[in-house]
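# Notes for the structure review
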Amino acid sequence: MVELRARWDDLVPGSGSLADDLVARYVERTRRAYRDHYLGIVLTALDSLIQLSTDPTSVRLAAWFHRAVHEPAGTPSEDAEASARLAEHLLPQYGVPPVRIAEVARLIRLTGDLAAPPPDSYAPPRRDANGDVLLDAVNAVLASDPSRYAVHIAEVRRDAGDRKTALEHRYDEVRELLDGHLYRTQLARQRLSPVARVNLEAELAELDSELPAPWRGWQQAALTATATFTAIAAAVVAIAASGASWQTPAAQDEAGWPTVALAVLSFFSAPVLFRCARSASQRARLIAGGVLAIAVTGLLIAWAQAPRTNPAVGVGLRVPLLISALILLLAAGAAALVASLLRTRTARFLPARNLGQQLAWLAVPATVAVVLLLIVQPLSRSYVLRSNERVEGAAREAGKATPSVLDGRVAWVSDSVVGTGAEEAIGTRYGVAIPRPGVVEMLDAATGALRWRYSRSDSDEKPVIAATGNGEYVLAQFADVGYLLLDANTGHRKAAWPGRTRDRFVQQAQPLLVGERSGKLRGVDPSGHERWTYDSGDCTDLGAIATAETVLTFVSHTCDDRPDEMTALDVQSGRKLWTKTSADTYRRPVVVAGLVVVAEPGGDSDVPAALTAIEPRTGDIRWRWEVPKTWACRTLLNAAGKYLIVVDCPGPSTTENRRSVVTAIDANTGLTAWQTLAPVSPRTKVTVTADGRVVSLARASTGCVANVISRTGFRQVRLPTGITCSRDARAVGNLVLTSGPNTVIALR
């Protein structure tokens, strides 16, 4: 106390009582912080800086008064205001000029904002020499001896009240101080700043160990993890790209080294970017920026070199995969750069492996994996699908087909359809779809004119097509592409199942059933969404057929002697309705009028013993129609409205037999509606119209003829020249199609 009193040194003549009053305030027993040793540190620092001030007396008086008033848990601004008012009240009593009193009060009030980072004083717009000197002296406590500083901060925390609140407030205050300039004068920066920063960083580390910090630092951890795992993901995608082609068909001189180089670069970038994200050095930022620049340059080159599609050349999967890998590498470099820019000197005191950081390191790789599986892969395949497809043809109203009366005339002849014929045509609500190598064409059913053409640059094989969605869509299976769902009216693709259909096949198109060689059956919407899956088990052969409401499965066991089974499933949910065993698997199921008609095995013969109609919802037998024992050829079953059309031969099954028998069975009653015997070879392929006519083509001495078997009997119609008899006819509803040289011909 005596030493402190001696520092007054007649600062104001005749003011010994004022000095005693001020010293008493700093040493009073109720005060818990900012005591006499604190004031001594401030005055000692002021002695070394006072030469920089313009009014040393005012600065010294402000230093003595700046904490003369202090309330427990009071803020610096409150203390500064109360102390300034005390100076304004006491100093006039000792003859201090009003101008000096005003300056002292101003300087005292400046000390109320010590926690805020000081402005950059290298080139300040306006100098305040007195204020700079005072504030640097007040902050000199930060550069005091470590033991003395530890005592000071302990007193400040104890004085602040609630411990947790005080720790949190002090933590923010220390970080704010470290992020700015601690001192305003160059002299203070040189003498005090190094020690002050050591003290503050040590205090920050202590505060960090005391404060609960379950989430602190998760942002930095997330950025570091993103930089690391995104670079690894870029390497994985680049490796996948190396196994794909740049264009379709693949060029023999196609360079493969760019993807390999990118994979190597991405792989070795992962640990480098990890270190860059955890460093605030200029070198780390330059490396992260370099990776970023490489990725951007690669993207521009890849985009410029992407093949331009035409009917002969398509985009390969390597293009989107390579672009995706470069985007991932770009994201990795950007994350490392941002992490380095945001990192401060205090970041090394962040708690290690707390809950927030651990969750960040777990969440980021999981997110990257999800991005690869659910975004990168689907978008890459979608890009290839979209880039390699073209739809030609203007939208116009579809014509309605006129039923073929088969009078020997031609209704229409299509334009050239090289590589295909009528036997592969399917009927839709908007016309007749024809598959060609890499192409699906829709012909107007009334005129044969082309309505639209869907073509792909990445496939030169003929797709397998079927109508689905009640004729609203065309389901086209392109080799190595997958199933594509085309709008039957416009030709535009509505959905695709690429990459997942290589081991799958369409069991039935309407309703849509998809089978697998592994013994699984799936109920699928036209959009490709799988509603349910039925697994018949290992060592089974699985067949199925569906009505509008029910799926009937036929399961035979190949590894043991268990009996064959029939199981009914709900077509919407896949829920099992019933299961029955049978001595042998039923053959050639067909849906007629909501019933499933199956052929009962007839031993080794292709002729069944009987035809049985099953009610699919219950499994009940509606009727049973015995097949005549004299029939000898392979029995063909076709649905035509409410009739089941059965085609066979009355025996024997020899090349000399030139007769076929056609029987129409009423599906509601199981009774024979009509039967016609015709002089047609039983080995001739036939087609059945919707009204029950059985049509086949044959060569006669007069040219190509059409054999027509119906309720009214048999007749033979001579066809015009230009029709190829060696190719089969096809019935689309009641329209009969035949083939010409690279054309499809509709019969009148």
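Residues numbered from 1 in each chain as written. Predicted model: local features only at pLDDT ≥ 70, side-chain atom pairs only at ≥ 80, totals over all residues. Heavy atoms only, no water.

## With respect to the pairing of strand 25 (residues 636-640)
Rule in force here: Two strands qualify as a pair provided DSSP detects at least 2 bridges between them. A run of H or I in DSSP becomes a helix once it reaches four residues, and a run of E becomes a strand once it reaches two; helices and strands are each numbered from the N terminus.
Note that strand 25 and strand 26 (residues 643-648) share five bridges and pair antiparallel. By the bridge assignment, L636 is partnered in strand 26 with V647. In this antiparallel pair of consecutive strands, strand 25 and strand 26, the connection spans two residues, and G641 shows a positive phi of 65°.

## Describing the environment of D113
As for its placement among the helices and strands, D113 is situated in the loop between helix 6 (98-110) and helix 7 (129-138). Sequence-wise, D113 and G314 are 201 residues apart; in three dimensions their C-alpha atoms are separated by 68 Å.

## Things to note about the layout of surface pockets
Note the cut-off: Definitions used throughout: a 1 Å grid over protein atoms alone; a cavity as a set of points that fits a 1.4 Å probe which cannot get out; a pocket as an open set with protein on both sides within 12 Å along at least five of seven lines; a lining residue as one with an atom within 4 Å of a point. Grid points are joined across faces, edges and corners, and a volume is the space filled by probe spheres set on the points. Three categories are distinguished: nonpolar for Ala, Val, Leu, Ile, Met, Phe, Trp, Tyr, Cys and Pro, charged for Asp, Glu, Lys and Arg, and polar for the others, with Gly belonging to the last.
Counted as a void, the largest pocket has a volume near 1,500 Å³. N638, A639, V688, R730 and A731 are, among the 46 residues lining the largest pocket, the residues nearest its centre. Looking at the lining of the largest pocket, the element that brings in the most residues is strand 25, giving five residues. Across the lining of the largest pocket, the residue classes break down as 26 nonpolar, 15 polar and five charged.

## Observations regarding the confidence of the model for the chain
Stated precisely, the cut-off is as follows: On a range of 0 to 100, pLDDT expresses the predictor's confidence in each residue. The contact rule is simple, with two residues in contact once any of their heavy atoms fall within 4.5 Å.
In this model, the chain carries an average pLDDT of 87, and 94% of its residues clear a pLDDT of 70 or more. A low-confidence stretch, residues 115-119 (pLDDT under 50), is modelled with 11 contacts involving residues beyond four sequence positions or located in other chains. Note on residues 121-125: pLDDT under 50 across the span, and seven contacts to partners over four residues away in sequence or across chains.

## Re the side chain of S83
Our working definition: Definition of a polar contact: a pair of N or O atoms within 3.5 Å, with one able to donate and the other able to accept a hydrogen when the atoms are protein atoms, and with sequence-neighbouring residues admitted only if both atoms are side-chain atoms.
Along the chain, S83 turns up in helix 5 (residues 76-90). From its side chain, S83 meets the backbone oxygen of H66 in a polar contact 3.4 Å long. For S83, the residues in contact, after removing those within four places along its chain, are F65, H66, R67, A68, V69 and I108.

## Details of the packing of helix 4 (residues 56-65) against helix 7
Our working rule: What counts as an axis is a line fitted to C-alpha atoms, over the stretch in contact for a helix, and the angles between N-to-C directions run from 0 to 180 degrees. Left-handed describes a crossing whose near helix is turned anticlockwise from the far helix through less than a right angle; right-handed describes the clockwise counterpart.
Put simply, helix 4 and helix 7 touch, their axes get as near as 10 Å, and they point 35° apart. Note on packing geometry: the crossing formed by helix 4 with helix 7 is right-handed. Residues V59, A62 and A63 of helix 4 form the contact with helix 7, whose own contacting residues are N130, V133 and L134. Here the contact of helix 4 with helix 7 is composed, by residue class, of five nonpolar, one polar and no charged.

## Things to note about a nonpolar patch on the surface
In plain terms, the rule: Patch members must show over 30% relative accessible area and no salt bridge, and they are joined within 9 Å when carrying like charges or within 5 Å when they are nonpolar side chains of Val, Leu, Ile, Met, Phe, Trp or Tyr. For the area figures, the Shrake-Rupley method with a 1.4 Å probe applies, and any residue is considered shielded solely by the protein chains shown. The term salt bridge refers to a pairing of a side-chain nitrogen on Lys or Arg with a carboxyl oxygen on Asp or Glu at a separation within 4 Å. Throughout, exposure labels follow a simple rule: accessible area from a 1.4 Å probe, protein chains only, divided by the maximum for the residue type, with under 20% read as buried, over 50% as exposed, and the rest as partly exposed.
Residues V370, L373, L374, I375 and L379 make up a contiguous nonpolar surface patch of about 490 Å² in total accessible area. Considering the arrangement of structural elements, one finds I375 in helix 16 (residues 355-387). Overall, I375 belongs to the partly exposed group, its relative accessible area being 40%.

## Re the nonpolar core
Under the convention used in this document: By nonpolar core is meant a set of buried Ala, Val, Leu, Ile, Met, Phe, Trp, Tyr and Cys residues that side-chain atoms within 4.5 Å join together.
Formed by 63 residues in total, the largest nonpolar core has its most connected members in W8, W64, F65, L91, L142, Y183 and L200. By residue number, the principal contributor to this core is helix 3 (residues 36-49), which donates eight residues. When near neighbours in sequence (up to four residues on either side) are disregarded, L142 contacts Y149, R170, L177, L182, Y183, V195, A196, N199 and L200. Residues A221, A233, L262 and L273 belong to the second largest nonpolar core, which totals 41 residues.

## So, the sheet that holds strand 27 (residues 660-666)
Pairing in this open sheet of four strands is antiparallel, and the strands run 25-26-27-28 from one edge to the other. Bordering the open sheet on either side are strand 25 and strand 28 (672-678), each of which pairs with just one other strand. The average undirected angle you get between the axes of adjacent strands in this sheet is 20°. Inspection of the sheet shows strand 27 paired to strand 28 by six bridges, in the antiparallel sense. When the bridges of strand 28 are listed, T663 appears paired with Q675.

## A look at helix 9 (residues 163-179)
Since one α-helical turn is 3.6 residues long, residues separated by three or four positions face the same way. Where we set the bar: Working rule for helices: expected span equals 1.5 Å times residues minus one.
Between the first and last C-alpha of helix 9 there are 24 Å, a value that for 17 residues agrees with the 24 Å anticipated at 1.5 Å per step. Regarding helix 9, the residues found buried are A166, L167, R170, Y171, E173, V174, L177 and L178.

## Quick look at the packing of aromatic side chains
In this description, a pair of aromatic rings is defined by centroid distance and the angle of the planes. How we decide: Only rings of Phe, Tyr and Trp enter the pairing, Trp through its six-membered ring, and a pair is recorded when the two centres are within 6.5 Å. The plane angle decides the type: under 30 degrees is stacked, over 60 is edge-to-face, the rest tilted.
Counted according to the given criterion, the structure contains seven aromatic pairs. Where F267 meets F268, the ring centres are 5.6 Å apart and the plane angle is 85°; that geometry is what we call edge-to-face. F268 gets classed as exposed once you look at its relative accessible area, which sits at 55%. Ring geometry for Y454 versus F478: centroids 6.2 Å apart, planes at 55°, classification tilted. A residue pair is termed long-range when its members are at least 10 positions apart, and Y454 in strand 8 (residues 450-456) and F478 in strand 10 (residues 473-478) qualify at 24 residues. The rings of F229, F274 and W361 are connected pair by pair, giving a single aromatic cluster.

## Structural notes on the state of the cysteines
Going by this rule: Note on disulfides: each one is a pair of cysteine sulfur atoms within 2.5 Å.
Under the counting rule described, the total for this entry stands at three disulfides. The disulfide partner of C539 is C559, and the S-S distance across this bridge is 2.0 Å. Of note, the bridge from C539 to C559 carries an S-S torsion of about -70° and is left-handed in sense. Placement of C539 in the loop between strand 16 (530-535) and strand 17 (540-546) and of C559 in the loop between strand 18 (550-557) and strand 19 (564-570) is noted, with a sequence separation of 20 residues between them.

## Brief notes about the pattern of salt bridges
When their charged atoms lie close together, side chains carrying opposite charge are able to pair. A full pass over the atoms with the stated rule returns 34 salt bridges. Of the charged contacts in the structure, one is a salt bridge between R109 and E88, with a shortest N-O distance of 3.4 Å. Of this pair, R109 sits in helix 6 while E88 sits in helix 5; the two residues are 21 residues apart in sequence, bridging distant segments of the chain. What makes R109 partly exposed here is its relative accessible area of 34%. The partner of R493 in a salt bridge is E389, and the shortest N-O contact between them spans 2.9 Å.

## Section: unusual backbone geometry
For the bond from Q510 to P511, the omega torsion is -5°, close enough to zero to count as cis. Summarising the element assignment, P511 is placed in the loop between strand 13 (504-509) and strand 14 (512-516). Between G651 and the following residue, P652, the backbone shows a cis peptide bond with an omega angle of -10°. A positive phi angle, close to 55°, is found at Y34, a residue other than glycine. Looking at the secondary structure, you find Y34 in the loop between helix 2 (16-27) and helix 3. You will see that N470, though not glycine, has its phi angle at about 55°, which is positive. Counting through the fold element by element, N470 comes out in the loop between strand 9 (464-468) and strand 10. Classification of N470 as exposed rests on a relative accessible area of 60%.

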